[in-house]
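Report on the structure
What follows is each chain in one-letter form.
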Amino acid sequence: MLKGRLEDDRMLTGRGRYVSDWHLPGEAHACFLRSDRAHAEILSVDASAALRAPGVLGVFTGQDIAAGGFKSLPAALPVKGRGGMELINPGRPALAQGRVRFAGDAVAIVIAETALAAQDAAELVSVEYRDLPAVVSAAQAVASDAPRVHDAAPGNIVLDYESGDEARTRAAFDSAARVVKLTVDLSRVVANPMEPRACLAAYDAQGGMYHLYACTQGAGTMRNQLSAVLGVPPEKIRVIAEEVGGGFGVRFNLYPEYCAALFAAKQLGRPVKWTGTRSEVFLADEQARCVTSNGELALDANGRIIGMRFDMLANLGAYLAPTGPFINTLGIVNCLSGVYDVQAAYARIRLALTNTAPMAAYRGAGRPVMSYALERLVEHAAHELGADPAEFRRKSLIPKNAFPYRIAAGFEYDSGDFPGVLDKGLAAADWSGFPARRAEAARRGRLRGRGMSTFIEATGAGFAPQDQVEMRWNPDGTLTLYAPTHSHGQGHETTYAQVVGGALGVPMESIRLRTAGPEFYLVGNATGGSRSLLAVGSVLLLAAQEMVKKGMALAADALEAARADIEFGNGRFRIKGTDRSISIRELAGRHPGELDMAYANKFGATFPNGCHIAEIEIEPQTGETEIVSYVACDDAGNIINHQIVEGQVQGGVTQGAGQALSELAVYDRDTGQLLTGSFMDYAMPRAGLVSGLKLVAHPVPTKLNPLGAKGVGEAGVTGSLPAVMNAVVDALQQAGVKDFEMPATPLRVWNALRQAASRS
Ligand code: MCN
């Protein structure tokens, strides 16, 4: 049993090198001037006073970027919408051109000898605006008289998307004994990684190379996106990062600030460094969720689910983030009907533009939208029928022997045991003991509620065609792994070393992982969609096995034996039946470079699933909600490192609970200003939020990859969002509250209770 992760010692002793820790000789510093309004025409930008300020080296605007030939940030979708509609991408320049479209939109980059000088000078840039009306919610944006965010998107809709079998679903609803409906609002959140965004941009004029040190979830993805903006091939771009202080999806994409910094570095012939502030995280990081779902469930006379349909409206913000459209379409419907055996399923999703920060991935990246819409609806239906929510679900689960199972949206679940997961979850939660716990809480004057979710999610298939890895032996006998995924909290240094160390029979401590650096040119997928282990870990496993095969011939030579007589085990090549052997490490040392491996392959999506059960208590006098017990029973296939997996589930559950109970990004409806732009107004969850967390595993190994592993990084949040909110709603219903939307902050809960009391 490991005592900790390989990366922990470095991190805990302050030796982690985060993005803002990088320096280059001659570096200058950047500050961004951001729009202070939600929607306006830019009439003029006067930088003359700023340019005269001490230490200022340059000021660049959207016009300069356009003149310099930098293109728009990419955003694409491999599928079409209803009636063959193509995604409308109105484009996003590195700095605003002609118009600002959200409060925080970057208008100019100011470069100076110090960061403070750049900040002072930014205040001297004078921008003349003509204000335009703004829309902040998707519902406002699609109203017939709404102002247009982009001229290219009529009605502010960039895509009207659909998935599933509409006709079959209509027929199921026509024949239903009962139809249950529920509208839910999945709120808007700001991810808030520990490290605010930062970059160090440099241009090498001689070699025509761009170098970007940046917060990234994977160098390859960022290089490709940069290539589209800079108009140079990816080989001309290096993306470099060691520690990145958290990703959570919002460090996946390229950001306009990085492009503007590269532009300035090229113009000035000096490296440009930028360290964003927490306020800039709130204003200008990608935000997420913000989807309203109108859901309907068709039930037969026995209370079995025979059809489901969803009409969703997603807020994509002021510009398309590179992965925004993907996440809000395919990312949602890849588990459209959840764990239920229902072919009559259909979803329509409209993607709307608003004058708010652009929206993209946040842990779960679409799947929590589906699990929230579906699992809130299913629980509601159980309550409507007066049925036990677990037994109501059980009737409709996909049976264990039904795999592979293709859902109406076209995706195929390969494996699972949903009834088994449910049973284990129920046992761990002492399901039948709940009425007594509720009664006991009532005696203490508290409202106790219980909620569950039986959910499934699809791990990312990956955008890049292959995941390349490399393994190189070093002169000191250690092995360096190169992988396209970036580790920023997930513990890849440990788990990849476990996989490779296990296959090669070498101590994992002698293996070092590299995921982005100046020498880095691998093609592959960034960390995202919880696919790192199952996809890149699997490629590493195969690469290690290939290395052993390659070593057979070298070992036969070294041991002066026939190749057929050589066997490998515990890190040594041995002549079968003798004690004559040589370690793989020694063999690599004798033949420098010959045992190094470059290997590529690709493994697709898996379908981790689980049953999560939350119990909460509400203190009616204050509206305070406390999670008093939480059971997460998950099927993540084969597990490589239990400690890390537990940490991942715990973090994910807490992230979902944070959104359910406290976090909320609010834009003012009239002015379009972000009202929750600091930790004073935006309540992040704290470590103690999810007490009594009990984790249970019900692994069903997948055959889709050689590790038999399913992803786990996003399972916690996909399960906890609906489970926690179902528990809150269950508690509130006892006091007569009918409708309640997240987050369950004390004030909102208290208000809901008061209103219910005054009604009765
Ligand atoms: N693992 C395992 N056995 C399994 C599955 C996973 O031992 N059956 C291990 C893996 O080897 C890895 C970890 O668990 O060390 C997570 O693996 P995986 O599910 O493959 O997810 P990724 O590594 O691809 O991480 C991505 C996922 C996503 S998409 C987000 S967002 C997220 C997350 O993980 N952001 C995080 N977890 C995070 N955790 C931290 N601390 N910080 C973030 O930014």
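Small disclaimer: the values here were computed from a predicted structure and weren't measured.

Re the pairing of strand β1 (residues 28-34)
Counting buried residues along β1, seven of its seven residues qualify, which places the element largely inside the surrounding structure. Side chains Ala28, Ala30, Phe32 and Arg34 project from β1 onto one buried face, and the interleaved His29, Cys31 and Leu33 project onto a second face that is buried too. Direction of pairing for β1 relative to strand β12 (residues 272-275): parallel, over a ladder of two bridges. Within β12, the residue paired with histidine 29 across the bridge is lysine 273. With six bridges connecting them, β1 and strand β5 (residues 106-112) associate as antiparallel partners. Bridging across to β5, histidine 29 finds its partner in alanine 112.

Quick look at the packing of helix α16 (residues 492-504) against helix α17 (residues 532-559)
Running from amino to carboxyl end, α16 crosses α17 at an angle of 30 degrees, the nearest separation of the two axes being 9 Å. With respect to each other, α16 and α17 are oriented roughly parallel. Judged by the twist between their axes, the crossing of α16 over α17 is right-handed. On the side of α16, the interface is formed by His492, Tyr496, Val499, Val500, Ala503 and Leu504, while α17 contributes Ser532, Leu533, Val536, Gly537, Leu540, Leu541, Ala544, Met547 and Val548. Its residues assigned to classes, the contact of α16 with α17 shows 12 nonpolar, three polar and no charged.

Examining helix α7 (residues 219-230)
If you check α7, its first and last C-alpha atoms are 16 Å apart, about what 12 residues at 1.5 Å a residue would give, namely 16 Å. The element α7 is extensively covered by neighbouring structure, given that 10 of its 12 residues are classed as buried. Looking at α7, one finds that the buried residues are Ala219, Gly220, Thr221, Met222, Arg223, Gln225, Leu226, Ser227, Val229 and Leu230. Elements that come into contact with the buried residues of α7 comprise β10 (209-214), β11 (237-240) and α8 (256-268). In the segment just after α7, glycine 231 is the residue with positive phi, at about 70 degrees.

Things to note about the sheet that holds strand β2 (residues 40-46)
On the basis of which strands lie adjacent, the open sheet formed by three strands has the order β4-β2-β6 and antiparallel pairing. The open sheet has two edge strands, β4 (99-100) and β6 (126-131), and neither has a second partner. One ladder, built from six bridges, connects β2 with β6; its direction is antiparallel. Each bridged residue has a counterpart across the sheet, and for valine 45 the counterpart in β6 is valine 127.

Structural notes on the layout of surface pockets
Estimates place the volume of the second largest pocket at around 540 Å³. What lines the second largest pocket is a set of 21 residues, among which Ser137, Asp185, Ser187, Arg188 and Cys290 lie closest to the centre. Per element, the largest residue contribution to the lining of the second largest pocket is four residues, and it comes from strand β8 (residues 178-190). Across the lining of the second largest pocket, the residue classes break down as 13 nonpolar, four polar and four charged.

Topic: the domain arrangement of the chain
Partitioning the chain into structural domains gives domain 1 (8-132 + 194-246 + 251-284), domain 2 (361-459 + 605-759) and domain 3 (467-601). Each of domain 1 and domain 2 has a C-alpha centre, and these two points are 37 Å apart. Of the residues lining the interface, eight residues belong to domain 1; the matching set on domain 2 comes to nine residues. Carbon and sulfur atoms supply 64% of the area that domain 1 and domain 2 bury against each other, a total of about 650 Å² over both sides. It is Ala38, Ala103 and Phe282 in domain 1 that bury the most area against domain 2; as a group they hold 64% of the surface buried on that side. Connecting domain 1 to domain 2 are one residue pair in polar contact (both at pLDDT 80 or more). Class assignment for the residues of the side of domain 1 that touches domain 2 results in four nonpolar, one polar and three charged.

Some details on the packing of aromatic side chains
According to the stated counting rule, one finds 15 aromatic pairs in the structure shown. With a centroid separation of 4.9 Å and 45 degrees between ring planes, the pair formed by tryptophan 22 and tyrosine 213 is classed as tilted. Of this pair, tryptophan 22 sits in the loop between α1 (8-12) and β1 while tyrosine 213 sits in strand β10; the two residues are 191 residues apart in sequence, bridging distant segments of the chain. We classify tyrosine 213 as buried; its relative accessible area is 9%. When the ring of tyrosine 255 is compared with that of tyrosine 258, the centres are 6.0 Å apart and the planes differ by 75 degrees; the resulting orientation is edge-to-face. Residue tyrosine 255 shares its accessibility class with tyrosine 258, and that shared class is buried. One aromatic cluster is present, built from ring pairs that chain together Phe60, Phe70 and Phe263. Here the basic side chain of arginine 17 rests over the ring of tryptophan 22, its NZ or CZ set 3.8 Å away from the ring centre.

Reading the values: rules and limits
- Residues numbered from 1 in each chain as written.
- Predicted model: local features only at pLDDT ≥ 70, side-chain atom pairs only at ≥ 80, totals over all residues.
- Heavy atoms only, no water.
- Buried < 20%, exposed > 50% of the residue type's maximum accessible area, 1.4 Å probe, protein only.
- Helix = DSSP H or I, 4+ residues; strand = E, 2+ residues; numbered from the N terminus.
- Pairing = 2+ DSSP bridges.
- Axes fitted to C-alpha atoms, helices over the stretch in contact; angles between N-to-C directions.
- Parallel < 35°, antiparallel > 145°, perpendicular 65-115°, else oblique.
- Left-handed = near helix turned anticlockwise from the far one by under 90°.
- Contact = heavy atoms within 4.5 Å.
- Nonpolar A, V, L, I, M, F, W, Y, C, P; charged D, E, K, R; others polar.
- Expected span 1.5 Å × (residues − 1).
- 1 Å grid on protein atoms, 1.4 Å probe; cavity = no way out; pocket = protein on both sides within 12 Å on 5 of 7 lines; lining within 4 Å.
- Points joined across faces, edges and corners; volume = space filled by probe spheres on them.
- Domains from an automatic or database assignment.
- Buried area = accessible area lost by both parts, 1.4 Å probe.
- Polar contact = N/O pair within 3.5 Å; in protein donor to acceptor, adjacent residues only side chain to side chain.
- Phe/Tyr/Trp six-rings, centres within 6.5 Å; stacked < 30°, edge-to-face > 60°.
- Lys NZ or Arg CZ within 6 Å of the ring centre and 35° of its normal.

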